[in-house]
Every structure is written in structure tokens, then in C-alpha cells.
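Residues per chain are reported as follows:
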Amino acid sequence: MEWLTKFPHMDDNQLRELKKVIDEGFRAFTRAYGDGIESFFEPLQFFLIQSERFMTRTPWPIILILVALIAWLASRNWKIVAGCVGTLLVIGYFDMWDDTMKTISMIFVCTVLSIAIGIPIGIIMSRSDRFQNVVNPVLDVMQTMPSFVYLIPVVMLLGIGKVPGLIAVVIYAIPPMIRLTNLGIRLVDKDVLEAADAFGSSSWQKLKNVQMPLALPTIMAGINQTIMMALAMVVIASMIGVQGLGQPVLKAIANQYFTLGIFNGLAIVGIAIIFDRVSQAYGHRLQRHREIVHG
């Protein structure tokens, strides 16, 4: 009756050989193409380094003015502006300014990369059900696969450093950008599209002048979620060399420094609230604009 209590499985030797073949195959791929893949990501590394230098070397009053200006342009709300500036002042007062600037630069680059990749894929998905059926399972894997698992191949290919961490964060954070872009375009009213067809609009004109403007609030929600998920990966990415607020948290976990972990964790929360409030306020402004223009 052992077969009732012990699930039948592959022979241990065969399973061991299968794992060995896969590991050796990936190692051979890494040795053969690792340098080429690393050189492919050099422009991304340059972008990330320049962004970090700008955030860390720019005088802090200028950074505060830029943050206040961006918050005002996005929200037109002085309370949100004051909240953003006040949060950064508190973070700086507790000596976490440099790490915060490094984290913000990482999130900025991740968001730009996610938008640049996610919006085109979302547009293609909205135009093709077949492509959507292919991409959706991939997005499911990206969202449910434990982040520690896909850190392994990224580190084996690119080693320890900023770029591997950036790629890992993008893999984790990009699915909402793709899904909500696809959803926003698909939810555009068919009557509006028929009116555009009646005026002789081409597919590109419909996309640029009708679908994208009407889907923009939903796309902004995708950007918001991408930023939040990128911030959630800050601590994990610090394990493979990403500098910022995640490294002190990792140090606090390793050495049981309660206060260090709490302070830096709260700083991450503060950044998340800033990004969330500003992006949500901008999305609401876009929504109100759409209601006024299109009734």
C-alpha cells in the first residue's frame, strides 16, 4: 500500500541527471554569450549611473525644488506638494538622504524602462487576441515566480551589480504596466472608435488621437502599480549589489539592528507614498479632463 502514501515520482538518478544537464547547459550558455549580453546592457548601465550621479551630486535644495515642482505640475494640490517636501526633509534629517536619492534614481530608471517596454507590448496585446493569449501566461509567471528564483539566472549571466538588480526589478514590476495598457485600450468606447472611423482616421491616428488619450488614466494606474512593485523589490535587489535604502535594511536583518531597519523601512514607505499620491493625483486630473472633454 506504499503507493497510496508516497506519490510516484521520477527516478532519483534520472532527476539528478536532468537537473545536471540543465545546469551545465545554462553554464555553457553563460560562458558563450555572457560577455555579449553584458555589453548589450552597457547603455542601460550608463543611464543608471548618470541618473544616480544627478540625484546624489545635485544640491539638496535643488532636489527639493524639483520634487515640489513635479508634484505641483502633476497634482495642482499644495497639500501633496507640502507632504512630498516634508517627507524628504524628515528622511534627510535622519541621515538617509544619499541612500534615498540612489533608490529614487533606481526607481526612475526602472519606471522609464518599464514604460518603454510595457506600453508597446500592451498596445500589441490590445490589437491581437492571439498575442494576448501568448503573453498572459508569461506575465502570470513573472508575477508569481518568487523573485529570488529569477535572481539566479540574472546573476549568473551578468554577475553582481546595478544592472542585474535593475533587470530583476523590471521583470517583477513590468506586468501591471503591460496589463493595464492592454485593458485601458480595450475599454475605449466602441462608439468613439466608430466615430473616428467615420471621419476616415487610420489605425495609427485612432491609436494616437483617440485610444491612447482615453486610456491614459488606466495607463497611469499601471505606472503607479509598477512604481509600487519596484519599490517592493528594493530590499531584495540590494542582495545583488543595488545600492540605496535596501542595503541598510539587509544589514539590519543580518545583524538584528532594529532601529536601522525601521528607519530605512519607513523611508521606503515615505518614497512609496510620494510616488503614489503624485501619480494618483495626475491620473485623477486626466480622468476629470476626459470627463469634461468627452462628456
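Computed from a predicted model, the values in this text were never measured in an experiment. Counting restarts for each chain: residues are numbered from 1 in the order of the written sequence. Note on the predicted model: pLDDT of at least 70 is required for a residue's local features to be given, and 80 or more for side-chain atom pairs to be given and counted; whole-chain, interface and lining totals, by contrast, use all residues. Only heavy atoms go into the side-chain values, all of them from the structure, while hydrogens and water stay out.

## Focus on unusual backbone geometry
At step 1: Phi is positive for Asp95, which is not a glycine, with a value near 60°.
At step 2: Looking at where Asp95 falls in the secondary structure, it is placed in the loop between helix 5 (78-93) and helix 6 (97-127).
At step 3: Relative accessible area decides the class of each residue, using a 1.4 Å probe on protein chains only: under 20% of the type maximum gives buried, over 50% gives exposed, and in between gives partly exposed. When its relative accessible area of 70% is taken as the criterion, Asp95 is described as exposed.
At step 4: With phi around 60°, Gln256 is a residue other than glycine that occupies positive phi space.
At step 5: Here Gln256 shows up in the loop between helix 13 (246-255) and helix 14 (258-294).
At step 6: Taking relative accessible area as the criterion, Gln256 reaches 73% and is therefore assigned exposed. Note on conventions: DSSP H or I runs of at least 4 residues are helices, E runs of at least 2 residues are strands, and numbering of each starts at the N terminus.

## Overview of the nonpolar core
At step 1: Take the buried Ala, Val, Leu, Ile, Met, Phe, Trp, Tyr and Cys residues and link them wherever side-chain atoms come within 4.5 Å; each set so joined is a nonpolar core. One finds Leu166, Met212, Ile219 and Leu231 to be the most contacted residues of the largest nonpolar core, which totals 64 residues.
At step 2: For this analysis, residues touch if any pair of their heavy atoms sits within 4.5 Å. Dropping the residues within four chain positions of it, Ile219 is found in contact with Ile119, Met177, Thr181 and Met212.

## Section: the UniProt feature "transmembrane region" (unreviewed entry) in the protein
At step 1: UniProt positions are given in the numbering used here, feature names are shortened, and annotations may be inferred rather than shown by experiment. Sequence positions flagged by UniProt for "transmembrane region" (unreviewed entry) are, in local numbering, residues 58-74, 80-97, 104-128, 148-174, 214-237 and 257-275.
At step 2: With 83% helix and 0% strand, residues 80-97 has end C-alpha atoms that lie 20 Å from one another.
At step 3: Secondary structure over residues 148-174 splits into 89% helix and 0% strand, and the C-alpha atoms at its two ends are 17 Å apart.

## Re the pattern of salt bridges
Proximity of charged atoms lets side chains of opposite charge pair with each other.
At step 1: For this document, the term salt bridge refers to a Lys or Arg side-chain nitrogen within 4 Å of an Asp or Glu carboxyl oxygen. Inspection of the entire model under this criterion finds four salt bridges.
At step 2: Of the charged contacts in the structure, one is a salt bridge between Arg186 and Asp129, with a shortest N-O distance of 2.8 Å. With Arg186 in helix 9 (residues 162-186) and Asp129 in helix 7 (residues 129-144), this pair connects stretches of sequence that are 57 residues apart.
At step 3: Using a relative accessible area of 34% as the deciding quantity, one classes Arg186 as partly exposed.

## So, the layout of surface pockets
At step 1: Taken as a whole, the largest pocket spans an internal volume of roughly 850 Å³.
At step 2: Of all the secondary-structure elements, those providing two or more residues to the lining of the largest pocket are helix 3 (42-57), helix 4 (60-75), helix 5, helix 6, helix 11 (203-232) and helix 14.
At step 3: Top element by residues in the lining of the largest pocket is helix 6. It accounts for eight residues.
At step 4: For this classification, Asp, Glu, Lys and Arg are treated as charged, while Ala, Val, Leu, Ile, Met, Phe, Trp, Tyr, Cys and Pro are nonpolar and the rest, including Gly, are polar. Split by residue class, the lining of the largest pocket holds 26 nonpolar, four polar and no charged. In this analysis the probe radius is 1.4 Å and the grid spacing 1 Å, with only protein atoms considered; a cavity is a set of points the probe fits into but cannot get out of, a pocket is an open set with protein on both sides within 12 Å along at least five of seven lines, and lining residues have an atom within 4 Å of a point. Grid points are joined across faces, edges and corners, and a volume is the space filled by probe spheres set on the points.

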